[in-house]
Amino acid sequence: MLILLLTMLERIGIIVTVAFIMTRLRFFRQMIQSKQITRKQQLIAIIFFGVFGIIGTYTGISFNAETQEFNRWMFDLHQSEAIANSRVIGIIMAGLIGGYKIGIGAGLIAGLHRFSLGGYTALACGISAIVAGAIAAYFHQKKRAISISTALFVGAFAEAVQMMIIVLIARPFHLAVSLVEEIALPMIVANGLGSALFLLIIQSVLKEEEKAAAVAAQKSLTLAERTVPFLRAGLTTKSAQEVCRIIFREVDASAVAMTNEHVILAHVGTGDDHHKPNFPIQTSATRKVIENGQMMVLKKQEIQCTERNCPLGAVVIAPLKQRDVTTGTLKFYFKTESDISHITLELIRGLSALLSQQLELAEAESAWQLAKEAEIKALQAQIRPHFLFNSINIIVSLIRTNPDQARQLLIDLSKFFRQNLSSTTKSWTTIGDELKHVQSYLSIEQARFVDKLTVHFSIDERAFETSIPPLTLQPLVENALKHAFKNKEKDCFLSIDIKREDNKTIVRIIDNGEGMDEETLSIIGEQIIHSTSSTGLGLYNVNRRLKMMLGEQSKLIISSQPQQGTEITFTIFHNNSL
């Protein structure tokens, strides 16, 4: 029995070696990686493991129950002989990995082969092969990895069941019993260990694949990060050319190309002498990918290149999507189809998904910029009627008492609005131009305050050319005149202070008016106030545009106390100026 055990372990070594070689095959690696196996893959797997079971039969040791002799190599099988073998290992792996269909299918192939060899255990061994596939399939787990201990147990248990079937079915009975007494323990131990070793080899393959997949994922992320600056402009000939160059340097492909829905945008690598940008899409497969949004792998004859001697032998075409609509493709060319590994496909799939996300973000950023510009124009437009209504009210009040002055104010108002109209058609102006607007506005407002208002200007001439959103200063001055001085009969003082300091310009509007309480101060400029006396619309609009165009650091800073006046400050940082 010890000699048989050692011999069986020797045969297991041969089987494990064969298993190691077979797991290196591309088909096997793809099969064990597939989450969902197609019918074709199931059939191939059944044949694969069935043939492996047949190999296990042929590497077995023939045993003559009458003479109690073992033959180390099986050449011919007589009626009184049986085989101590490792057939069950391939069947066990089929059931554990593939479930009932593959396990029983592989068992059927290996079992029929064993039955065809004859011998008094032919039927029992044929049936036990199928039973072994069913037992292993019972332990099949779709979502969790199979442990080594499970493979060891299932291999040993399936072999023990085979010994029971031999005793129950094989005849003559005394030969069956004699056979089981001699080979049961060695075969149970050897096949249990063989199953565990085979699974260990499979797990090592999976770990290699996982490691390679992790490297591919990292490469996808790195490439996506490096292509971000170019795809911000969207899918154009220029951006596609740069993206393809970056990918081509990092991916082991003959060429990399990108298309939109109609033309080739870029082609970098082999074949760039005839695969040229702005040429119409040549392959029907590319159009099919654009239509259905599914990645495709094509052979040389399916590439449909117009150049007869084109060196490109295979291509992977992946869709580029924006909001689930395919707007282009990413194409990887190879010399032969065999150069396209499972990991390469995962890299391409991941990269196309990441690039698609970048295109969506670029589109979203473009839409956000348009919305931002539209909101800025809307905010600027709101200021025009706000000032107009106040100015008309002043002029109306003067028409009866001082027609000449009313006439002059209308002229000033006309002049102001010509300047104002020019400002609202631009996104940026200068502090110098803004001050001209303020002075025109104050010339109108002097009619309301007569001799009650004193305005002090403290302007650093170096700040004149500093860029600023149009209609920023005038609403701040208007806010002081309208609200700060509304109950003040005399000694109204307003200071406009603008200074240049290093890399920033600081603007201060200071009044000695009524001031604000803490509750009003906490919300003024951040939201519109629902009040009968004031809405805060002017301050809100100015603050909103400053933050949108110059950033949060340039927002209005307002300090005020009741009856002690208000100071409004904002800062323009020169690295943000346009």
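Each remark here, short or long, concerns the structure printed above.
Model, not experiment: these values are computed from the prediction.

J.: Can you help me understand a nonpolar patch on the surface in this one?
T.: Residues L6, L9, L152, L185, V189 and L193 make up a contiguous nonpolar surface patch of roughly 480 Å² in combined accessible area. Within the residue set of the nonpolar patch, elements represented by two or more residues are helix 1 (2-23) and helix 8 (173-231). Here the element with the most residues in the nonpolar patch is helix 8; it accounts for three residues. Assessed through its relative accessible area of 34%, L9 is described here as partly exposed.

J.: Looking at this structure, I do not really get helix 10 (residues 284-292). What am I missing?
T.: Because an α-helix packs 3.6 residues into every turn, residues spaced three or four apart end up facing the same way. Residues of helix 10 that are buried include every one of A285, T286, V289 and I290, and no others. Down the axis of helix 10, the buried set is contained in an arc of 145°. They therefore lie on one face. On its buried face, helix 10 sits against strand 4 (255-259), strand 6 (296-299), strand 7 (314-322) and strand 8 (325-334). Looking one or two places after helix 10, you find G293, whose phi comes out positive at around 70°.

J.: How do you make sense of the sheet that holds strand 13 (residues 504-511) when you look at a structure like this?
T.: Either a parallel or an antiparallel arrangement is found when strands of a sheet pair, and the pairing is made through backbone hydrogen bonds. Here we have five strands laid out as an open sheet, ordered 10-12-13-15-14, and mixed in their pairing. The open sheet terminates on both sides in strands that have one partner only, identified here as strand 10 (453-459) and strand 14 (557-560). Each strand of the sheet is rotated relative to its neighbour by a mean of 10°, with strand direction disregarded. Both strand 13 and strand 15 (residues 566-573) contribute to a ladder of eight bridges, which runs antiparallel.

J.: Can you help me understand the packing of aromatic side chains in this one?
T.: Aromatic ring pairs are defined here through the distance separating the ring centres and the angle between the ring planes. One pass over the full model with this rule turns up five aromatic pairs. Measuring from ring centre to ring centre gives 5.9 Å for F139 and F153, while their planes differ by 75°; the resulting arrangement is edge-to-face. Here the residue F139 occupies a position in the loop between helix 6 (122-138) and helix 7 (148-169), and F153 occupies one in helix 7, the gap between them amounting to 14 residues. Each ring, one from F153 and one from F157, has its centre 5.7 Å from the other, and the planes form 10°; the classification is stacked. Here F153 pairs with F157, and both are found in helix 7, just four residues apart, close to one helical turn. Among the aromatic residues, ring-to-ring pairing joins Y138, F139, F153 and F157 into one connected group.

J.: I tried to follow the nonpolar core on my own but got confused; where do I start?
T.: As a rule of thumb, soluble globular proteins bury nonpolar side chains together. I92, M93, L96 and I166 are the most contacted members of the largest nonpolar core, which totals 50 residues. When sequence neighbours within four positions are dropped, the list of residues in contact with I166 reads T121, A124, C125, A176, L179 and V180. Formed by 36 residues, the second largest nonpolar core is a distinct cluster that contains W428, L473, I509 and M516.

J.: Would you explain helix 4 (residues 87-98) in this entry?
T.: The terminal C-alpha atoms of helix 4 lie 17 Å apart, and with twelve residues this matches the ideal 16 Å at 1.5 Å per residue to within 8%. Counting buried residues along helix 4, ten of its twelve residues qualify, which places the element largely inside the surrounding structure. One or two residues past the end of helix 4 sits G99, with phi positive at roughly 90°.

J.: Looking at this model, I keep getting lost on the packing of helix 4 against helix 7. Mind explaining?
T.: Packed helix pairs are specified by the crossing angle of their axes together with the interaxial distance, meaning the distance between the axes. Between helix 4 and helix 7, the least distance of the axes is 10 Å, while the angle of their chain directions is 125°. The orientation of helix 4 with respect to helix 7, classified from their angle, is oblique. In this structure, helix 4 crosses over helix 7, and the sense of that crossing is right-handed. Contacts between helix 4 and helix 7 involve R87, V88, I92, M93 and L96 from the first element and A151, V154, G155, A158, E159 and Q162 from the second.

J.: It is not clear to me how unusual backbone geometry should be interpreted in this structure. Could you clarify?
T.: Glycine aside, negative phi is the norm for most residues, and most peptide bonds take the trans geometry. Across the junction of R171 and P172, the peptide omega takes the value 10°, indicating a cis bond. Secondary-structure assignment places P172 in the loop between helix 7 and helix 8. Phi is positive for N278, close to 70°, though the residue is something other than glycine. Along the chain, N278 falls in the loop between strand 5 (264-269) and helix 10. Phi is positive for D502, which is not a glycine, with a value near 50°. Relative to the helices and strands, D502 is located in the loop between strand 12 (492-501) and strand 13. A relative accessible area of 73% places D502 in the exposed class.

J.: For this particular structure, what's the right way to read the sheet that holds strand 6?
T.: With antiparallel pairing, five strands are arranged side by side in an open sheet as 5-4-8-7-6. Whereas interior strands pair on both sides, the edge strands pair on one side only; in this sheet they are strand 5 and strand 6. Averaged over all pairs of adjacent strands, the angle between strand axes in this sheet comes to 20°, irrespective of strand direction. Bridging between strand 4 and strand 8 involves five bridges; their strand directions are antiparallel. Pairing of T259 across the sheet is with T329, part of strand 8. Packed on one face of the sheet, helix 9 (residues 237-250) meets strand 4, strand 5 and strand 8 and runs near 25° to strand 5.

What counts, and where the lines are drawn
Residues numbered from 1 in each chain as written. Predicted model: local features only at pLDDT ≥ 70, side-chain atom pairs only at ≥ 80, totals over all residues. Heavy atoms only, no water. Patch = residues over 30% accessible without salt bridge, like charges linked within 9 Å, V, L, I, M, F, W, Y side chains within 5 Å. Areas by Shrake-Rupley, 256 points an atom, 1.4 Å probe, with all protein chains shown as cover. Salt bridge = Lys/Arg side-chain N within 4 Å of Asp/Glu carboxyl O. Helix = DSSP H or I, 4+ residues; strand = E, 2+ residues; numbered from the N terminus. Buried < 20%, exposed > 50% of the residue type's maximum accessible area, 1.4 Å probe, protein only. Arc of directions from axis to C-beta. Contact = heavy atoms within 4.5 Å. Pairing = 2+ DSSP bridges. Axes fitted to C-alpha atoms, helices over the stretch in contact; angles between N-to-C directions. Phe/Tyr/Trp six-rings, centres within 6.5 Å; stacked < 30°, edge-to-face > 60°. Core = buried A, V, L, I, M, F, W, Y, C linked by side-chain atoms within 4.5 Å. Expected span 1.5 Å × (residues − 1). Parallel < 35°, antiparallel > 145°, perpendicular 65-115°, else oblique. Left-handed = near helix turned anticlockwise from the far one by under 90°.

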